[in-house]
Amino acid sequence: MARMDTREAKCGIRGWNSSMKGTLEIRRQIPTVGALGIGSLGFLYLPLITVLVFSFNKSEDATVWGGFSTHWYSTVVHNSDLLRAAKFSLSLALPTSLLAATLATGLAIGLGIGGNRRMAILQVLVNAPLILPEIVTAVGTLTFFSAVKIPLNFTSLLAAHVVLCVPFAFLPIRSRLRDIDLSIFEAAQDLGADSWRVLRKVTVPLLLPAILAATLLSFIISMDDFLTSMFLSGPNTTTLPLYIFGLLKLGASPEVNVISALLLVIPTFGLILSLMWRKKRGK
Amino acid sequence: MRVKRSSPYGPARAVYPALTLGAVLVGAPLLVVTLYSFLKRGSFGSGVVYKFTSDAYSSILIQTNLLGEHSLNSAYLGIIWRSIILASAVTIFCLLIGVPTAIWIALQTPSRQRILVLLVTIPFWVNVLARTYAWMLLLADKGLLSKIGAPTLLYTNWATLIGLSYAFLPFMILPVYSVAEKLDIRILEAGFDLGASGWRVLTKILLPSLKFGILSGVAVVFIPALGAYVQPSLLGGNKSMLIGSLINDQFGESRNWPLGSALAVLLLAMTVGVLSAYKWREWTRGKRNAESVDGILP
């Protein structure tokens, strides 16, 4: 019994793992669950691994293996159009992520615990890009910009990207806020801190990891975004995904293999680094 | 003592920048696109003429031939119908694969669960174009799957189905997992102890307890699949057009903004329909049962 208790404490999930008998029973009785689980991981990773392997293909033919080579990597890093598009995307994603994280932090803090009833409809609107098909918001923004005669340029694209990112940035911040013990904030107030002081001295320091996560999330969403950028792209606003989409329309090529492999490796690497950093910080 | 002020975390005014943004850049655009869908098509290039008409909507439904005879517009209705069928097929595929996967993950030890959840999340972080391209490589004529005897699927509806299911599978796995993970396994054990078969435990206990996760998974897969553009236009052929491409055409080559707006409004209406069915359930069944849905759905 005592052993069971420590295990429960270690797992942190009551009931679930304390009863391995049930787990084994289910696995034995419903074997398809395991097979489908492993199968779906295979389904998720087969394409990614294929792209990764074929980015090192020597052959001119993108789909036929012709030996190992890093030749196409050097072609890609010297492609000036690609680099220009990548630079543009970075210059857009950076301010987007900072603005989105700031706005989302303000939203989470200002809404408080229960949220603001009178503002409910506005909250739905802020969150709408999360659930609406992106093409709807993109078309809406395009017609809106055209109706009020806002030109399609860097600033208008930036605004659209921020709108897209805020609801995503809001998620980690709010979930962190819910995990923090309320009495901390009450203590700060009882000790005479006004709301701005609570914000600066208590809330923001406690939220910092979540704000960073929100920034990273927004950065990746902005870097990845295709549809909004397509509808709102002006003369000089070719983002990286827009440039790549143009290449993809032409079909498979060794260069696209490499670009796709880079798009796969870079965010994954960033994600794992941020997780490791968070884990280290947690200890 | 409970704090009296509306927010214990800081000034309540901090909401205004985000809410203003929502009102101006989400609310107003949705109103404008609805307005545009009721206007006349601009005679030059793009844009609209400010004159009320419901032509855009009737042209989706009815076509008029050269003799002035009216008939149902099979082209547009066919595209809409195909989009609904394809989005439903994607949802069913994700259900069949995603729900067992979520259950399987929840049955692992906590440390393994974390790794598996990470593995499911990683593809979501990879650019959608790169993920779609991977399927172009696999499904192409002379592609890798054709070497092991699979038929060439690229530029067919099947390729779109695979590409969309691939893109949205994590959206099904994660909400179902987050409910499954909280489930007390002793309930299942009790079922086995009382003599129920595996199938019976699955259908009578496990799936009903996962209902809310499954429902939110269905919503977050079906809705984006309905309005998808990237996968259908790269993997599907010219003959298998979907709503997304049709809308895009109206703002590009066809230059028919009112029709494009009307189709976007239609997509919006379908989304709101799916969500209100969901919310209705939530209201009639009382409390919020699925924490996971919270945040995914507004």
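Residues numbered from 1 in each chain as written. Chains lettered and ligands numbered in written order. Predicted model: local features only at pLDDT ≥ 70, side-chain atom pairs only at ≥ 80, totals over all residues.

A.B. asks: Can you walk me through the overall build of chain B in this structure?
C.D. replies: A count of helices and strands for chain B gives 13 helices and four strands. When the 298 residues of chain B are sorted by exposure, 50% land in the buried category. When contacts within chain B are restricted to residue pairs at least 6 apart in sequence, those whose partners lie at least 24 apart make up 68%. (Helix = DSSP H or I, 4+ residues; strand = E, 2+ residues; numbered from the N terminus. Buried ≥ 20, exposed ≤ 12 C-beta atoms within 10 Å, placed from the backbone. Contact = placed C-beta atoms within 7 Å.)

A.B. asks: I would appreciate a short explanation of the overall build of chain A in the present structure.
C.D. replies: The number of helices and strands found in chain A is 13 helices and zero strands. Listing the helices and strands of chain A from first to last along the sequence gives α-α-α-α-α-α-α-α-α-α-α-α-α. Classification of the 283 residues of chain A by burial places 45% in the buried group. Excluding contacts between residues fewer than 6 apart, the proportion of contacts in chain A whose partners are at least 24 apart in sequence is 75%.

A.B. asks: Explanation requested: the confidence of the model for chain A in the structure shown.
C.D. replies: Predicted coordinates in regions of low pLDDT should not be interpreted in detail. Across chain A, the average pLDDT comes to 85, with 87% of residues at or above 70. A low-confidence stretch, residues 1-18 of chain A (pLDDT under 50), is modelled with 15 contacts involving residues beyond four sequence positions or located in other chains. (pLDDT = per-residue confidence, 0-100.)

A.B. asks: Help me understand the domain arrangement of chain A, please; the structure alone is not making it clear to me.
C.D. replies: Where interface size is quoted, it is often the accessible area lost as the parts come together. Looking at chain A, the domain boundaries give domain 1 (2-54) and domain 2 (75-282). For the side of domain 1 of chain A that touches domain 2 of chain A, the class distribution of residues is four nonpolar, no polar and no charged. (Domains from an automatic or database assignment. Nonpolar A, V, L, I, M, F, W, Y, C, P; charged D, E, K, R; others polar.)

A.B. asks: For this particular structure, what's the right way to read unusual backbone geometry?
C.D. replies: Most of the time, phi is negative for any residue but glycine, and the peptide bond is trans. Residue and element names in this part refer to chain B. One non-glycine residue with positive phi stands out, namely Y155, at about 65 degrees. Even without a glycine there, the phi angle at R255 is positive, about 50 degrees. Positionally, R255 belongs in the loop between helix 12 (243-251) and helix 13 (257-284). Residue R255 is classed as partly exposed on the basis of its 16 C-beta neighbours within 10 Å.

A.B. asks: Help me understand helix 7 (residues 134-147) of chain A in this model?
C.D. replies: Since there are 3.6 residues in each turn of an α-helix, residues three or four apart along the chain are aligned in direction. Residues and elements named next belong to chain A. For helix 7, with 14 residues, the first-to-last C-alpha span of 20 Å sits near the 20 Å given by 1.5 Å per residue. Burial of helix 7 is extensive: twelve of the 14 residues sit out of reach of the surface. Within helix 7, burial applies to E134, I135, V136, T137, A138, V139, G140, T141, L142, T143, F144 and F145. Positive backbone phi, at 60 degrees, marks K149, one or two positions downstream of helix 7. (Expected span 1.5 Å × (residues − 1).)

A.B. asks: Is there a simple way to explain the interface of chain A and chain B in this structure?
C.D. replies: The partner chain B presents 92 residues to the 96 residues of chain A that form the contact. Counting residues per element, the side of chain A that touches chain B draws most heavily on helix 3 (residues 31-54) of chain A, which supplies 14 residues. Looking at the side of chain A that touches chain B, its residues break down into 62 nonpolar, 28 polar and six charged.

A.B. asks: Sorry, what's going on with the environment of A:I184 here?
C.D. replies: Among the secondary structure elements, A:I184 is positioned in helix 9 (residues 182-190). Through-space distance from the C-alpha of A:I184 to that of A:I259 is 48 Å; in sequence the pair is 75 residues apart.

A.B. asks: Is there a simple way to think about the nonpolar core in this case?
C.D. replies: General note: in soluble globular proteins, nonpolar side chains tend to be found buried as a group. A:A104, A:V166 and B:L137 are the most contacted members of the largest nonpolar core, which totals 180 residues. Ranked by the residues each element gives to this core, the list is headed by helix 7 (residues 157-180) of chain B, at 16 residues. Each of domain 1 (2-54) and domain 2 (75-282) of chain A accounts for three or more of the residues forming this core. Setting aside anything within four residues of it in sequence, one finds A:A104 in contact with A:V166, A:A169, A:F170, A:I173, A:A214 and B:A18. (Core = buried A, V, L, I, M, F, W, Y, C linked by C-beta atoms within 7 Å.)

A.B. asks: Before we go on, may I ask you to explain the packing of helix 6 (residues 120-131) of chain A against helix 8 (residues 154-179) of chain A in this structure?
C.D. replies: Two quantities define a packed helix pair, namely the angle between the axes and the distance from one axis to the other. Residues and elements named next belong to chain A. Close contact between helix 6 and helix 8 brings their axes to 8 Å; oriented N to C, the two are set at 95 degrees. In this view, helix 6 runs roughly perpendicular relative to helix 8, as classed from their interaxial angle. Only V163, L164, V166, P167 and F168 of helix 8 make contact with helix 6, whose side of the interface consists of V126, N127, P129 and L130. (Axes fitted to C-alpha atoms, helices over the stretch in contact; angles between N-to-C directions. Parallel < 35°, antiparallel > 145°, perpendicular 65-115°, else oblique.)

A.B. asks: Looking at this model, I keep getting lost on helix 5 (residues 80-111) of chain A. Mind explaining?
C.D. replies: Given a rise of 1.5 Å per residue, 32 residues ought to cover 46 Å, and the 46 Å separating the end C-alpha atoms of helix 5 of chain A matches this to within 8%. Among the residues trailing helix 5 of chain A, A:G112 stands out with phi positive, at a value near 70 degrees.

A.B. asks: Is there a simple way to explain the confidence of the model for chain B in this structure?
C.D. replies: Residue and element names in this part refer to chain B. Residues with a pLDDT of 70 or more make up 91% of chain B, whose mean pLDDT is 86. Under a pLDDT of 50 for its full length, residues 1-5 has, in the predicted model, seven contacts with residues more than four places off or in other chains. With pLDDT under 50 throughout, residues 287-298 is counted as low confidence; its partners more than four residues away or in other chains account for 28 contacts. Predicted complex metrics record ipTM = 0.88 and pTM = 0.87.

A.B. asks: Mind showing me how you'd approach the environment of B:P11 here?
C.D. replies: Here B:P11 shows up in the segment before helix 1 (16-37). Between the C-alpha atom of B:P11 and that of B:A219, which follows or precedes it by 208 residues, the distance is 35 Å. Not counting residues up to four positions away in its chain, the partners in contact with B:P11 are A:G110, A:S195, A:W196 and A:L199.

A.B. asks: I tried to follow the packing of helix 6 of chain A against helix 1 of chain B on my own but got confused; where do I start?
C.D. replies: Close contact between helix 6 of chain A and helix 1 of chain B brings their axes to 8 Å; oriented N to C, the two are set at 65 degrees. On the basis of the axis angle, helix 6 of chain A is roughly perpendicular to helix 1 of chain B. Once helix 6 of chain A is placed against helix 1 of chain B, the crossing between them reads as left-handed. Residues A:L122, A:L125, A:V126, A:A128 and A:P129 of helix 6 of chain A form the contact with helix 1 of chain B, whose participating residues are B:A18, B:L19, B:G22, B:A23, B:V26 and B:G27. Classifying every residue of the contact of helix 6 of chain A with helix 1 of chain B gives nine nonpolar, two polar and no charged. (Left-handed = near helix turned anticlockwise from the far one by under 90°.)

A.B. asks: How should the environment of B:W135 be read in this particular structure?
C.D. replies: For B:W135, the location among the structural elements is in helix 5 (residues 128-139). Through-space distance from the C-alpha of B:W135 to that of B:L154 is 8.3 Å; in sequence the pair is 19 residues apart. With residues near it in sequence (within four places) discarded, B:W135 still touches A:P47, B:A159, B:I162, B:G163, B:Y166 and B:L235.

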